[in-house]
Amino acid sequence: MAKRKVDTENRGFQTRWESEYMFTKVAGKPVCLLCGESVAVLKECNLRRHYETKHADKNKNMDMEQRLQKAEELKRGLKSRQALFKKAKSQGQAAVKASFILAEEIAKSARPFTEGDFIKNCMIKVCDEVCPEKRQLFLNVSLSRNTIAERVDQLSINLKEQLVKKGKDFIAYSLAVDESTDISDIAQLSIFIRGVDSSLSVTEEFLALRPMHGTTTGHDLYEEVSRCVNEMELPWEKLVGLTTDGAPAMCGHRSGLVAKIREKMQEENATGELTAYHCIIHQEALCGKALKMEHVMSIITRTVNFIRAKGLNHRQFKAFLTELETEHGDLPYHTEVRWLSQGKVLQRCFELREEICLFLDSKGKDTTQLRDEMFLCEMAFLCDITSHLNAINLQLQGRDRVISDMYSTVKAFKTKLTLWETQMRKENLSHFPSCQTMKEKLSTSAFPSTQLADKIGMLTTDFRRRFADFEAQKSRLELLGNPFAVDVESSPPNLQMELIDLQCNDALREKYAAVGAAEFARFLPGTMPQLRIQAAQTLSMFGSTYLCEQLFSLMNLNKTSHRSRLTAEHLHSILRISSAQSLTPNIDELVEKMGHHQVSPSTSNK
């Protein structure tokens with residue numbers, strides 16, 4: 001005979017039991033109004049036994065009406081206590097939630113954890129003026145250094161858990177890896193992941209920042225990347241691409257990171273091939289070196305340093321420009337690390353070339369080189385070509401960039417270089433305004449158009465050489481960029497039938513025209529599985545290590561000379577929070593996990 005289950009017998013609470021046995025129903029259980037005890041099984045005999053055993057003497061002289069009145073009084077008292085408890089619980093949860101919200105803002109703004117105390121002091125002062133009766137509620141919000149540090153770690157763990165969950169749905173993913181050094185001379189390895197799920201939605205997030213206290217060889221880098229991939233429970237066979245800064249430790253043929261990961265994928269019997277890229281933005285910046293015009297830049301750098309390095313010279317130069325009522329009032333500095341600064345310095349120096357010469361003359365400096373017409377022509381050319389290089393550099397920067405779009409940008413720039421070379425040889429300076437200005441002002445010698453055209457030719461050659469690995473993936477990139485223009489016959493056999501179906505589908509062609517290449521992949525029907533996989537793999541690829549470079553900027557904002565003792569764990573947590581894009585910390589879930597914890601009132605009002 002099966003055992004009886006009391007919870008399936010639908011025993012209902014009878015209203016009369018309130019006056020007869022002084023019981024009421026709370027959260028599905030019978031609770032005694034007199035002593036607060038609950039009875040496990042909802043049966044009248046159990047309620048009667050409890051009442052007669054413990055409370056019969058107390059109410060034996062009451063009639064039914066008096067018993068009803070007392071039951072109602074006791075119920076009102078119970079509800080009042082419950083409301084007070086709920087209010088205290090909700091206030092405690094609100095205080096905890098507020099501490100999480102403020103901890104997230106402190107992390108995002110690169111503020112030290114001790115800022116929590118400052119914020120609390122400000123909150124209390126505002127509260128005293130605006131709503132003094134609420135002072136205790138503000139005091140209950142714990143914002144001490146240790147609390148903020150703990151909250152930041154909890155927020156980071158929550159984001160990581162969300163990323164691990166998303167990672168289980170990835171059908172393809174790629175990694176971007178770069179290495180830099182922090183204020184304490186510790187090598188930091190930055191790793192980002194870009195994954196695509198079965199719906200072809202892209203997730204681009206920070207994966208890890210690994211401190212490397214010893215050597216930074218290819219093997220060391222591999223160990224850290226491998227540990228990250230395994231911790232995230234990501235399958236190696238779904239790894240599609242790896243984008244690096246191109247350093248030997250990254251790209252060495254035998255012992256570099258790329259080679260080591262390819263070996264690992266072979267060990268894991270991964271069927272796909274790893275595609276390795278050297279960051280497009282790094283490549284583009286390095287191409288500028290092919291012009292071999294350091295002699296021009298060195299003269300300009302020396303001039304700018306003479307004006308800016310000494311406070312007196314700098315003040316006098318600014319006063320001199322103000323006196324002449326020039327359009328610009330100062331000169332910017334140039335640094336090799338900040339690639340875009342070169343173009344700004346060149347442009348400003350070219351526009352202020354006459355004023356700079358006059359100021360240097362007043363200081364007794366030789367300005368022969370700065371007045372030389374050949375030098376000025378080269379300076380004008382460098383100013384214009386650097387301006388074009390900076391424009392493409394800015395186009396390639398940013399988050400959520402699709403590699404096929406970045407390839408198209410580089411391809412268009414190579415075509416522009418060919419046009420500019422042809423036009424320069426014909427002394428057509430339509431796209432070189434500074435050169436046009438110099439040509440009009442030349443007195444004796446002719447404008448060196450042939451020499452400068454050769455410079456553009458050298459730049460074009462270097463572009464082709466550096467972006468050869470992207471050319472090797474041309475068919476794959478064009479397949480995502482414009483699948484309707486792809487030659488079916490030259491495409492991989494496993495895609496040919498689906499490509500024909502796609503190119504003959506007018507509805508999909510209209511959708512492509514409406515949403516563009518990047519979004520169109522999501523509208524590929526399930527009847528084209530090979531095209532969807534191909535699109536997922538291409539969408540997952542990083543074109544640059546821009547996100548890693550951006551993270552290093554955030555790292556330097558947080559780990560400064562004043563916060564050099566910031567631990568690796570806390571730095572990692574801060575950067576995960578401040579770099580998160582598609583993920584948001586689930587603060588309500590974190591508060592719920594803390595259960596009935598209520599923050600105790602602060603004992604100090606610092």
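Residues numbered from 1 in each chain as written. Predicted model: local features only at pLDDT ≥ 70, side-chain atom pairs only at ≥ 80, totals over all residues. Heavy atoms only, no water.

Draft legend 1. The nonpolar core, seen in detail. Formed by 152 residues in total, the largest nonpolar core has its most connected members in L175, I261, I300 and F381. Looking at this core element by element, the count peaks at twelve residues for helix α16 (residues 373-396). Excluding its chain neighbours within four sequence positions, the residues that come into contact with I261 are Y222, V225, W236, L239, L242 and L274. Among the nonpolar cores identified, the runner-up in size contains six residues, and F23, C32, L42 and L47 belong to it. (Core = buried A, V, L, I, M, F, W, Y, C linked by side-chain atoms within 4.5 Å. Buried < 20%, exposed > 50% of the residue type's maximum accessible area, 1.4 Å probe, protein only. Helix = DSSP H or I, 4+ residues; strand = E, 2+ residues; numbered from the N terminus. Contact = heavy atoms within 4.5 Å.)

Draft legend 2. Focus on the side chain of N393. Looking at the element boundaries, N393 is found in helix α16. With relative accessibility at 1%, the residue N393 sits in the buried group.

Draft legend 3. Highlighting the sheet that holds strand β6 (residues 239-244). Strand order in the open sheet formed by five strands is β5-β4-β3-β6-β7, with mixed pairing between adjacent strands. Across the chains shown, the open sheet's two edge strands, defined by having one partner strand only, are β5 (202-212) and β7 (275-278). Between one strand axis and the next, the sheet turns by 20 degrees as a mean value, whatever way the strands run. (Pairing = 2+ DSSP bridges. Axes fitted to C-alpha atoms, helices over the stretch in contact; angles between N-to-C directions.)

Draft legend 4. Molecular detail of the pattern of salt bridges. Applying the stated criterion across every chain yields a total of 21 salt bridges. Salt-bridge contacts for E231 lead to K160; the nearest nitrogen and oxygen are separated by 3.7 Å. Residue E231 is located in helix α7 (residues 218-231), and its partner K160 is located in helix α6 (residues 145-167); the two are separated by 71 residues in the primary sequence. Classification of K160 as partly exposed rests on a relative accessible area of 30%. With a closest N to O distance of 3.9 Å, E224 and R210 form a salt bridge. Of the two residues, E224 sits in helix α7 while R210 sits in strand β5, which places them 14 residues apart along the sequence. Just as E224 is buried, R210 falls in that class too. Several salt bridges share partner residues, and in doing so they unite K160, R210, E224, R227 and E231 into one network. (Salt bridge = Lys/Arg side-chain N within 4 Å of Asp/Glu carboxyl O.)

Draft legend 5. Region of the structure containing the packing of helix α26 (residues 546-558) against helix α27 (residues 568-579). Packing of α26 against α27 brings their axes to within 10 Å, and their N-to-C directions diverge by 125 degrees. Comparing the axis directions of α26 and α27 gives the class oblique. As α26 runs across α27, the sense of the crossing is right-handed. Residues L551, L554, M555 and N558 of α26 lie in contact with α27, whose contacting residues are L571, I574, L575, S578 and S579. Class assignment of the residues belonging to the contact of α26 with α27 gives a composition of six nonpolar, three polar and no charged. (Parallel < 35°, antiparallel > 145°, perpendicular 65-115°, else oblique. Left-handed = near helix turned anticlockwise from the far one by under 90°. Nonpolar A, V, L, I, M, F, W, Y, C, P; charged D, E, K, R; others polar.)

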